[in-house]
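Structural features, examined
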Amino acid sequence: MQEEQQPEAAADPVSSSDAPEDGPKETSSVSHNISDADAFKIILEMKMKKRQKKPTLPSTVTELDTEDGSKVYVVGTAHFSDSSKKDVVKTIQEVQPDVVVVELCQYRVSMLKMDEKTLLKEAKEINLEKLQQAIKQSGVMSGLMQMLLLKVSAHITEQLGMAPGGEFREAFKEASKVPFCKFHLGDRPIPVTFKRAIAALSFWQKVKLAWGLCFLSDPISKDDVEKCKQKDLLEQMMAEMIGEFPDLHRTIVSERDIYLTYMLKQAAKQIELPRASETEPRKCIPAVVVGVVGMGHVPGIEKNWNSDLNIQEIMSVPPPSASSKIFKFVIKATVFGLVGYGCYRIGQRTVQLILSMPAAQSYLQKLTEIRSQH
C-alpha cells in the first residue's frame with residue numbers, strides 16, 4: 001500500500017511478513033551467493049505453485065476484480081462463528097494472498113495476539129477503569145456509547161461462551177504462514193466512528209438508544225449465530241436497535257462500508273518485483289488480496305467497488321452539537337450527584353455508628369446532665 005495514499009488517521013498496517021514460517025524452510029537449500037532479487041523470485045515461484053488457479057472457496061466468499069487485474073476475495077463472516085473461522089483459513093490456504101485485510105483498527109489490534117481465555121474474560125468484564133479509558137480516548141459521549149456497544153458484545157459473549165474476533169485471529173495466523181504476505185488493518189478508527197455517530201443523534205435519540213442498549217438481555221444460542229451467517233449477528237442486533245435512526249446507521253455501517261472498500265482497493269494495487277540492478281526495467285504483477293469482514297458489510301463493499309472513493313469527508317469529526325453539550329452536562333451532573341449522595345450517606349451512617357457506641361452515649365448523657373444543671 002502506498003504511503004502517500006494512506007489517510008492520515010487510517011490504521012497503520014501490521015505486516016506479518018516479518019516471520020513467515022514457509023519462507024525460511026523452503027529456501028534453506030538455496031545457495032547464499034544468489035541475489036535478494038533472485039531469492040525473492042524463487043520463493044515467489046514456490047508460492048505461485050501453491051496458489052490455486054481455480055480455488056475452491058466457501059459460499060461466504062465474494063470475488064472482486066480491479067482494473068489492473070488484481071483479485072480480492074472478501075470473506076463475509078459472523079463474528080461469533082466457528083464456521084467463519086474455517087472459511088477464513090480455507091480461503092487463505094487456497095489463494096495464497098499477497099495481502100490480508102481485516103475489519104479491525106489500531107484500537108482493537110490487541111485482540112489478535114490475546115488467547116481465547118483472556119479475551120473471554122476481558123469481554124465479560126466491563127468496569128470503571130475501562131469506562132475511564134474509553135472516555136479519555138474518545139470523549140465523554142463517544143466513550144459512553146463505546147461502552148454500551150461493548151455491553152452488547154459482552155452479552156453475546158456471556159450467552160455463547162465464545163470470545164469475539166476469532167476469524168481475525170485465524171486470519172493473522174494463516175497470513176504469517178504465507179511467504180511475503182502482509183497483514184493490514186482495514187477499519188476506520190473507533191473514536192472517529194463513535195464521534196461521528198454521536199454527532200448524528202439528537203438529545204432524545206441518544207437517551208433512547210442508550211436505554212435500549214442498557215437493557216439488552218435476550219437469550220442467544222449457537223444455532224442463532226449460524227442462522228445469522230448471512231447477516232452477522234452482532235450487526236443484525238445493532239441494525240434492529242438503530243433502524244429508526246438512519247443517520248446512526250449511516251455512520252456506523254454505510255460509512256465504514258466505504259472505508260473498508262477504500263482500504264481493500266489500496267491493498268489490491270499491483271506489486272512491484274525487486275530488480276537485480278537499477279538499469280533493469282520495473283515489473284509489476286497483479287496482487288491477490290483476502291478481506292475478512294462482517295457479513296453485513298459485504299453488500300456495501302460490492303456496491304462501492306467500482307466507485308471513485310474519497311474518504312476525507314468520513315474521516316472528519318464534526319464539532320459537538322448543543323444537544324451533545326446538554327447531554328454531557330447532564331451525565332456529569334448525574335455522576336457528581338451520585339458521588340455527593342454517596343458521600344452524604346456514608347457520612348450519615350458513620351455519625352450514626354459513632355453515636356451508637358457506649359462511650360459516645362455515656363459522653364452525651366454527661367453533657368446533657370451538665371447542661372440541665374446550668
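Next up on the list: the overall build of the protein. On a plain count of helices and strands, the protein comes out with 16 helices and seven strands. Among the 374 residues that make up the protein, the fraction classed as buried is 44%. The long-range fraction of contacts in the protein, counting pairs at least 24 apart against all pairs at least 6 apart in sequence, stands at 83%. When the accessible area of the protein is evaluated, it comes to approximately 20900 Å², of which 55% is carbon and sulfur surface.

The next point concerns the side chain of Arg51. Secondary-structure assignment places Arg51 in the loop between helix 2 (36-50) and strand 1 (61-65). Looking at Arg51, the relative accessible area reads 14%, which means it is buried. In terms of polar contacts, Arg51 uses its side chain to reach the backbone carbonyl oxygen of Val95, at 2.9 Å. A distance of 3.4 Å separates the side chain of Arg51 from the side chain of Asp98, its partner in a polar contact. Once you skip the residues sitting within four places of it in the chain, Arg51 turns out to touch Glu94, Val95, Gln96, Pro97, Asp98 and Val288.

Enumeration according to the criterion identifies 14 salt bridges in this entry. For Lys85, the salt bridge is made with Asp82, and the minimal N-O distance between the two is 3.2 Å. One end of the pair, Lys85, and the other, Asp82, are both in helix 3 (residues 82-95), three residues apart, so they sit about a helical turn from each other. In this structure Asp82 comes out as partly exposed when scored by relative accessible area, which is 38%.

Moving on, we come to the sheet that holds strand 2 (residues 71-77). Reading across the sheet, the five strands line up as 1-2-7-3-4 and stay open at both edges, with mixed pairing between neighbours. Both outer strands of the open sheet, strand 1 and strand 4 (182-185), are each paired with one neighbouring strand and no more. Each adjacent strand pair in this sheet contributes to an overall mean axis angle of 20°, direction not counted. The sheet contact formed by strand 3 (residues 99-102) and strand 4 spans four bridges and is parallel. Looking across to strand 4, one finds that Val101 is bridged to His184. Along the sheet face, helix 12 (residues 246-267) touches strand 2, strand 3, strand 4 and strand 7 (288-294) and points at about 165° away from the line of strand 7.

Strand direction decides the pairing type here: strand 1 and strand 2, joined by five bridges, are antiparallel. Looking at the pairing, Leu64 lines up with Val72 of strand 2. The turn joining strand 1 and strand 2, which pair antiparallel and follow one another in sequence, is formed by five residues; a positive phi near 95° is taken by Gly69.

Quick look at the packing of helix 3 against helix 7 (residues 166-175) now. It is at 8 Å that the axes of helix 3 and helix 7 come closest, and there the two elements cross at 25°. Taken together, helix 3 and helix 7 sit at an angle that is classed as roughly parallel. Our pair here, helix 3 against helix 7, has a crossing hand that is right-handed. Residues Lys85, Val88, Val89, Ile92 and Gln93 of helix 3 touch helix 7, and the partners they reach there are Gly166, Glu167, Glu170, Ala171, Glu174 and Ala175. Of the residues belonging to the contact of helix 3 with helix 7, the class tally is five nonpolar, two polar and four charged.

Our next topic: the confidence of the model for the protein. Low pLDDT means the predicted atomic positions in that stretch should not be read closely. For the protein, per-residue confidence averages 75 on the pLDDT scale, and 55% of positions sit at 70 or higher. The least confident element of the protein is helix 1 (residues 22-26), whose mean pLDDT is 44; the most confident is strand 3, at 98. Note on residues 1-13: pLDDT under 50 across the span, and 30 contacts to partners over four residues away in sequence or across chains. Within the model, pLDDT remains below 50 along residues 15-31, and this stretch shows 23 contacts once partners closer than five positions in the same chain are excluded.

Let's shift gears to the environment of Cys105. Its place among the elements puts Cys105 in the loop between strand 3 and helix 4 (116-124). C-alpha of Cys105 to C-alpha of Leu185: the two residues are 80 residues apart in sequence and 5.4 Å apart in space.

Okay, the pairing of strand 2 next. Burial analysis of strand 2 places six of its seven residues in the buried class, the great majority of the element. Relative to strand 7, strand 2 runs parallel, the two sharing seven bridges. Note that in strand 7 the partner of Val75 across the bridge is Val292.

Time to look at unusual backbone geometry. With phi around 45°, Gln96 is a residue other than glycine that occupies positive phi space. Examined against the element boundaries, Gln96 turns out to sit in the loop between helix 3 and strand 3. A positive phi is found at Phe180, a non-glycine position, where the angle reads about 60°. Secondary-structure assignment places Phe180 in the loop between helix 7 and strand 4.

Each value, and the rule that gives it
Residues numbered from 1 in each chain as written. Predicted model: local features only at pLDDT ≥ 70, side-chain atom pairs only at ≥ 80, totals over all residues. Heavy atoms only, no water. Helix = DSSP H or I, 4+ residues; strand = E, 2+ residues; numbered from the N terminus. Buried < 20%, exposed > 50% of the residue type's maximum accessible area, 1.4 Å probe, protein only. Contact = heavy atoms within 4.5 Å. Areas by Shrake-Rupley, 256 points an atom, 1.4 Å probe, with all protein chains shown as cover. Polar contact = N/O pair within 3.5 Å; in protein donor to acceptor, adjacent residues only side chain to side chain. Salt bridge = Lys/Arg side-chain N within 4 Å of Asp/Glu carboxyl O. Pairing = 2+ DSSP bridges. Axes fitted to C-alpha atoms, helices over the stretch in contact; angles between N-to-C directions. Parallel < 35°, antiparallel > 145°, perpendicular 65-115°, else oblique. Left-handed = near helix turned anticlockwise from the far one by under 90°. Nonpolar A, V, L, I, M, F, W, Y, C, P; charged D, E, K, R; others polar. pLDDT = per-residue confidence, 0-100.

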